[in-house]
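The residues making up each chain are set out below.
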Amino acid sequence: MAFSKHIFVTGGVTSSLGKGIIASSLAKLLQSRGFSVTIQKFDPYINIDPGTLNPYEHGECYVTDDGAETDLDLGHYERFLNVPTSQANNVTTGRIYYNVITKEREGAYLGKTVQVIPHITNEIKRNFLLLDDTGKYDIIITEIGGCVGDIESLPFIEAVRQFKWEHGSENVIVVHLTLVPYLKSAGELKTKPSQHSVKQLSEEGIQPDILICRSELAISSDIRKKLALFCNVDFDSVIEALDSDTIYGVPLLMQEEKLDERVLHKLRLPLDRPAEMTAWKEFVRKIRRPKEEVKIGLVGKYVELHDAYKSIAESFIHAGAINECKVNIAWIQSEKLADEQNLYLLQDLNGILVAPGFGERGIEGKIRAIQYARENQIPFFGICLGMQCASVEFARNVLGLKEAASVEMNPQTPYPIIDIMESQKNLTLMGGTMRLGSYACQLKAGTKVHAAYQNLLIQERHRHRYEFNNQFLEDFEKMGMICSGINPESKLVEIIELQNHPWFVGVQFHPELKSTVANPHPLFVSFVKAVLSEAKNLKR
Ligand code: GLN
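Criteria and cut-off values
Residues numbered from 1 in each chain as written. Predicted model: local features only at pLDDT ≥ 70, side-chain atom pairs only at ≥ 80, totals over all residues. Heavy atoms only, no water. Core = buried A, V, L, I, M, F, W, Y, C linked by side-chain atoms within 4.5 Å. Buried < 20%, exposed > 50% of the residue type's maximum accessible area, 1.4 Å probe, protein only. Helix = DSSP H or I, 4+ residues; strand = E, 2+ residues; numbered from the N terminus. Contact = heavy atoms within 4.5 Å. Near = heavy atom within 4 Å. Polar contact = N/O pair within 3.5 Å; in protein donor to acceptor, adjacent residues only side chain to side chain. Areas by Shrake-Rupley, 256 points an atom, 1.4 Å probe, with all protein chains shown as cover. Salt bridge = Lys/Arg side-chain N within 4 Å of Asp/Glu carboxyl O. Pairing = 2+ DSSP bridges. Axes fitted to C-alpha atoms, helices over the stretch in contact; angles between N-to-C directions.

Asker: Would you explain the nonpolar core in this entry?
Answerer: Counting 47 residues, the largest nonpolar core has Ile7, Leu30, Ile139, Ile141, Ile212 and Val263 as the members making the most contacts within it. In terms of residue count, the dominant contributor to this core is helix H1 (residues 19-31) (7 residues). Setting aside chain neighbours within four positions, we find Ile139 in contact with Ser4, Lys5, Ile7, Leu30, Phe35, Ser36, Val37, Thr38, Leu264 and Leu269.

Put into structure tokens, the structure is as follows:
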């Protein structure tokens, strides 16, 4: 028997309507009423997880504390709710089939033909309940990836149908997100795509309880009536979701539309505690009315697709708000910087961040950007590959080891500043085999990172195969690049920072994965603060 109440979020008409943001916003409102809430995402693709997907294809891969490589929507869930997620929060068709096929090989279904119904749908339903089984949550929101009508999402929709039937409509509701487009030539909002999408969902056995309609323009009462009548939902269960200038404004829009009230009413949960959104409103006010602005260059090789660096961009919003400063990101293709003539791209930046990544493309450009930041005293933040490039740059241009490299890019280098980790040497499988998830890091007292964290022992999330080579550490430290954070057990270098520079920090982990609205990440906060203060110095 289910312990929690369940809300399923499906989408229709088109993808990219922002189901993840709607699910996060609803969760935020329910959490602000005192309920414990989590969100899980079920993705219909056949990869076991997005870990091996190209970021151009699927955006950033988000890593959880327990080392799961997951969909970027989990980042939104954590940023909105300030509650960590885990492997159980992201399940793909691939994982479902993998589990079923493994069980089949183990003989769990001996004598039976293994089929989509009931074996796959049962496995999906078992996974719907993984977080429920922890007994920690009053409400679990499950986002179903993709669009209603897609062949590949059929087993998920069927599992939702069965789940609702089994657990009762006061325990399980379905929220359907659609698009109400504005047709310029007709001068009106059109309801037909939503009608078709709900019809499709009904053909698959599900009548949505609540309809959320993305729209550029306000939806009049007449159109709401029409949507309600033809989509077969209550009039006050038609919720308008207007475009917002910031995703963080969406919970407030949903509150005005009383989405949380409708949901609680349908789930027979108490409505007596209103959502306490004061701190959230203050955060949104700071985003909308910054006192200052700075420009930070984000140097990476996937910059054409901003989703590839989603968590970094969001971390800048959080850190900007707390500094009452808008961080404008200049997206800089690292490949371009390989050509010295393009260095002008870095000219008017107040700070430079070199992004994570894999493989050789764009490496020399990243190294050049770092040299520029180091020599011109521009605040610099290197994340994962960015930290590795900073180490190579320092070895080449300060220690004079011209052929220094990471063995990822040059396996034959005489100076392997960044080397493959011992534990990675004999691996043959690519998926899920990096150094993943949360590890401890001991900070050195009196350093910039110590000042930022106000703590000497921290936990951060990782996703990499290569590491700083400790053979070179002494030479680095002699020349002013110190190790300010180290793993207490393995002694792996986790943070390097440059002395005699306003702010130059490289981290082997991914701080961007832990920045939330309630807890902006201390390193991003400290970096933006340094950027702001350097920018002010320049103006003086
Ligand atoms: N490619 C590097 C490694 O595997 C860096 C990875 C990253 O930036 N996430 O170590």
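So much for the structure itself; the text now carries on.
Asker: Just checking my understanding: could you explain the site of the ligand for this structure?
Answerer: Taken together, Pro356, Gly357, Phe358, Cys384, Leu385, Gln388, Glu408, Arg463, His464, Arg465, Tyr466 and His510 make up all the residues around the ligand. For the ligand, an oxygen atom lies 3.0 Å from a polar atom in the backbone of Leu385. Taking 300 Å² as the accessible area of the ligand by itself, protein coverage stands at 99%. Listed by contribution, the elements that provide at least two residues to the shell around the ligand are helix H15 (385-397) and strand S19 (457-464).

Asker: Sorry, what's going on with the pattern of salt bridges here?
Answerer: For side chains of opposite charge, pairing can occur when their charged atoms come near one another. Counted under the stated rule, the structure contains 38 salt bridges. Across the salt bridge formed by Asp73 and Lys41, the nearest N and O atoms sit 2.9 Å from each other. Pair noted here: Asp73 is in helix H3 (residues 73-81) and Lys41 is in strand S2 (residues 37-43), with a separation of 32 residues, a long-range link. When salt bridges with common partners are traced through the structure, they connect Lys41, Asp43, Asp71, Asp73 and Glu143 into a single cluster.

Asker: Looking at this structure, how should I read the sheet that holds strand S16 (residues 405-406)?
Answerer: Working definition: the strands of a sheet are paired by backbone hydrogen bonds and lie parallel or antiparallel to each other. Across the sheet, 3 strands lie side by side as S16-S17-S20; this open sheet has mixed pairing. Of all the strands in the sheet, the pair left with one neighbour each is S16 and strand S20 (466-468). The sheet contact formed by S16 and strand S17 (residues 416-420) spans 2 bridges and is parallel. Bridge pairing in S17 links Ser406 to Ile418. Sitting on the sheet, H15 touches S16, S17 and S20, and the angle it makes with S17 is about 145°.

Functional significance is not addressed by these values, which are geometric in nature.
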